[in-house]
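# Structure assessment
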Amino acid sequence: MRLCMRTRLGPLWQGRTRALGLALGTALLAGTASAGTPEQVTNIFKPLSTPAESISEVAWLTLAVCAGIFLIVGGLLVYTIIRFRRRAPDDGAEPPQIYGSNQLELAWTVLPILIVLVLVLVTARTIADVQSHPAPPDALHVTVVGHQWWWEIRYPALGLVTANELHVPVSTTTRRQLTFLRLESADVAHSFWVPQLAGKTDLIPNRVNRMWIEPKQVGTYLGNCAEYCGTQHARMLLRVIVHAPDDFTTWVAAQHQHGVAEAQVHAGRDVFFATSCVNCHTISGTAAQGKFGPDLTHLMSRDTLAAGAAPNTPATLRAWVRNPHTLKEGSLMPSMQLSDTELDQVVAYLLTLK
Ligand code: CUA
């Protein structure tokens, strides 16, 4: 689609709007990370996926048109203020008033209508192209369920469940690989937004929304819930990890492994299964099959805890289990009031869930 738009709009606007847009963009984006790498960038002007690229093209066109209008109007205003300022011999009387130039009236009515029409058409076409894109037969299908305040991520065809980190294969010129997301909510409205990959789409209770991404570069992309969903809306972070095709296969194989019950963490395992942890969490291959909280089968393969609230280290994990509310006020996970010994044991067990 990017190609189509370029041909349709011609190389003229490409060159000029890019230059104009860049000048404007530099002012707007001072302080953001360098181009090219997805790491730690949440920037709609550095797209690395087809839908985000299409949106970015429209954004640059709109910005360029608005910048042009701003410069013309602002320039005329400044010129008029200086050129026709009050000077020494003026008597302060009203200047002669001029009305009724049909040509002028027509020009400033028709021109804005044409500009708006062009922007509406380009935007509508981009939206239609993105939304009506059919899923190719080899597309990866993932279900994302928004919860207060974390993301449940399911791969129905692969039989995998994880949380807060969406792993997908990269799309290359030799092999395009699209990921289609089915978006649902378990409670209130959330919104899935990873700015470098696509526009935002809401997750609405009792409704299924869909979107797709086509990441073109390996790396970690950051996003966040983009619809206020309660106290910890700001700590509902998303990570999309884009793998080279072989690495994705390796990740899938690793996620299929059941946890191995290591003998030295037996005490911690007993604590876990004796408390209500099991009511909310699943650890595949065990009796823990709870569905309210994130699946913990491969907890230690994730970078963060509590949907990005803290890095996933033994120390933060211990603090989290001791009292989740110190890291995430209002979290639906209660403190289990474990003793220090029990805490050490259960954390030792959790650390084996790789
Ligand atoms: Cu979920 Cu905001």
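Notes on the structure follow. As the structure is a computational prediction, the values presented were derived from the model and not from experiment.

What counts and what doesn't
- Residues numbered from 1 in each chain as written.
- Predicted model: local features only at pLDDT ≥ 70, side-chain atom pairs only at ≥ 80, totals over all residues.
- Heavy atoms only, no water.
- Helix = DSSP H or I, 4+ residues; strand = E, 2+ residues; numbered from the N terminus.
- Contact = heavy atoms within 4.5 Å.
- Pairing = 2+ DSSP bridges.
- Axes fitted to C-alpha atoms, helices over the stretch in contact; angles between N-to-C directions.
- Buried < 20%, exposed > 50% of the residue type's maximum accessible area, 1.4 Å probe, protein only.
- Salt bridge = Lys/Arg side-chain N within 4 Å of Asp/Glu carboxyl O.
- Patch = residues over 30% accessible without salt bridge, like charges linked within 9 Å, V, L, I, M, F, W, Y side chains within 5 Å.
- Areas by Shrake-Rupley, 256 points an atom, 1.4 Å probe, with all protein chains shown as cover.
- Arc of directions from axis to C-beta.
- Parallel < 35°, antiparallel > 145°, perpendicular 65-115°, else oblique.
- Nonpolar A, V, L, I, M, F, W, Y, C, P; charged D, E, K, R; others polar.
- Core = buried A, V, L, I, M, F, W, Y, C linked by side-chain atoms within 4.5 Å.

With that settled, consider the overall build of the protein. If you tally the helices and strands in the protein, you get nine helices and 12 strands. In the protein, of all internal contacts separated by at least 6 residues, the share reaching a separation of at least 24 is 63%.

Here the focus is the sheet that holds strand β1 (residues 140-147). Hydrogen bonding along the main chain pairs the strands of a sheet, whether they run parallel or antiparallel. The strand order across the open sheet built from five strands is β3-β2-β1-β5-β8, with neighbouring strands paired in mixed fashion. Two strands lie at the open edges of the sheet, namely β3 (160-163) and β8 (209-213), each paired on one side alone. Within this sheet the neighbouring strands show an average axis-to-axis angle of 25°, counted without direction. Pairing of strand β2 (residues 150-155) with β3, which is carried by four bridges, proceeds in the antiparallel orientation. Following the sheet pairing, arginine 154 is matched in β3 by valine 161.

It is worth spelling out the side chain of threonine 352 at this point. Mapped onto the secondary structure, threonine 352 falls in the segment after α9 (340-350). The class for threonine 352 is buried, based on a relative accessible area of 12%. If we ignore the near neighbours within four places in the chain, the residues touching threonine 352 are Glu262 and Val265.

Two side chains bearing opposite charge may form a pair once their charged atoms approach each other closely. Considering all chains together, one arrives at nine salt bridges under this definition. A salt bridge links glutamate 53 to lysine 216; its shortest N-O distance comes to 2.8 Å. Highlighted residues: glutamate 53 in helix α2 (residues 50-83) and lysine 216 in the loop between β8 and β9 (219-225), separated in sequence by 163 residues. According to the relative accessible area criterion, glutamate 53 is buried, its value standing at 10%. One salt bridge in this structure joins arginine 175 and aspartate 138, with 3.5 Å as the shortest N-O distance. You can see arginine 175 sitting in the loop between β4 (165-169) and β5 (179-185) and its partner aspartate 138 sitting in the loop between α3 (102-131) and β1, a full 37 residues away along the chain. Classification of arginine 175 by relative accessible area gives partly exposed; the value is 45%.

A few words on a nonpolar patch on the surface. Taken together, Leu106, Val110, Leu114, Leu117 and Leu121 make up a surface patch of nonpolar side chains, about 470 Å² in accessible area. Along the chain, leucine 121 falls in helix α3. Note on leucine 121: relative accessible area 53%, which makes it exposed.

Attention now moves to the environment of asparagine 206. Inspection of the secondary structure assignment puts asparagine 206 in the loop between β7 (201-203) and β8. The exposure class of asparagine 206 is exposed, given its relative accessible area of 84%. Note: C-alpha distance between asparagine 206 and alanine 186 (20 residues apart in sequence) is 8.4 Å.

Here we come to α9. Every buried residue belonging to α9 is among Leu343, Val346, Val347, Tyr349 and Leu350, and all of these are buried. Buried residues of α9 fall within an arc of 155° about the axis and therefore sit on the same side. Buried positions along α9 lie against α5 (266-274) and α7 (314-322).

Reading across from one edge, β4-β10-β9-β6-β7 is the order of the five strands in this open sheet, with mixed pairing throughout. The open sheet is flanked by β4 and β7, the only strands paired with a single partner. Each strand axis lies, on average, 25° off the axis of its neighbour in the sheet, ignoring direction. Examined bridge by bridge, strand β6 (residues 190-193) and β9 share two bridges and lie antiparallel to one another. Bridge pairing links tryptophan 193 to asparagine 224 in β9.

Turning our eyes to something else, we now look at the packing of α5 against α9. Two elements in contact, α5 and α9, have axes separated by 7 Å at closest approach and are oriented at 100°. By the angle class used here, α5 and α9 are roughly perpendicular. Contacts from Ala267, Gly268, Arg269, Val271, Phe272 and Phe273 of α5 reach α9 at Glu342, Gln345, Val346, Tyr349 and Leu350. Looking at side-chain class alone, the contact of α5 with α9 contains seven nonpolar, two polar and two charged residues.

Burial of nonpolar side chains together is a common tendency in soluble globular proteins. Grouped together as the largest cluster of nonpolar side chains are 31 residues, with contacts concentrated most on Val144, Trp151, Leu166, Phe192 and Val240. For this core, the secondary structure elements donating two or more residues are β1, β2, β4, β5, β8, β9, β10 (237-243) and α4 (245-256). Here valine 144 is in contact with Trp151, Glu152, Ile153, Leu181, Arg182, Leu183, Glu184, Phe192 and Leu203, once residues within four sequence places are set aside. Of all hydrophobic cores here, the second largest spans 21 residues; its members include Trp320, Val321, Leu338 and Val347.

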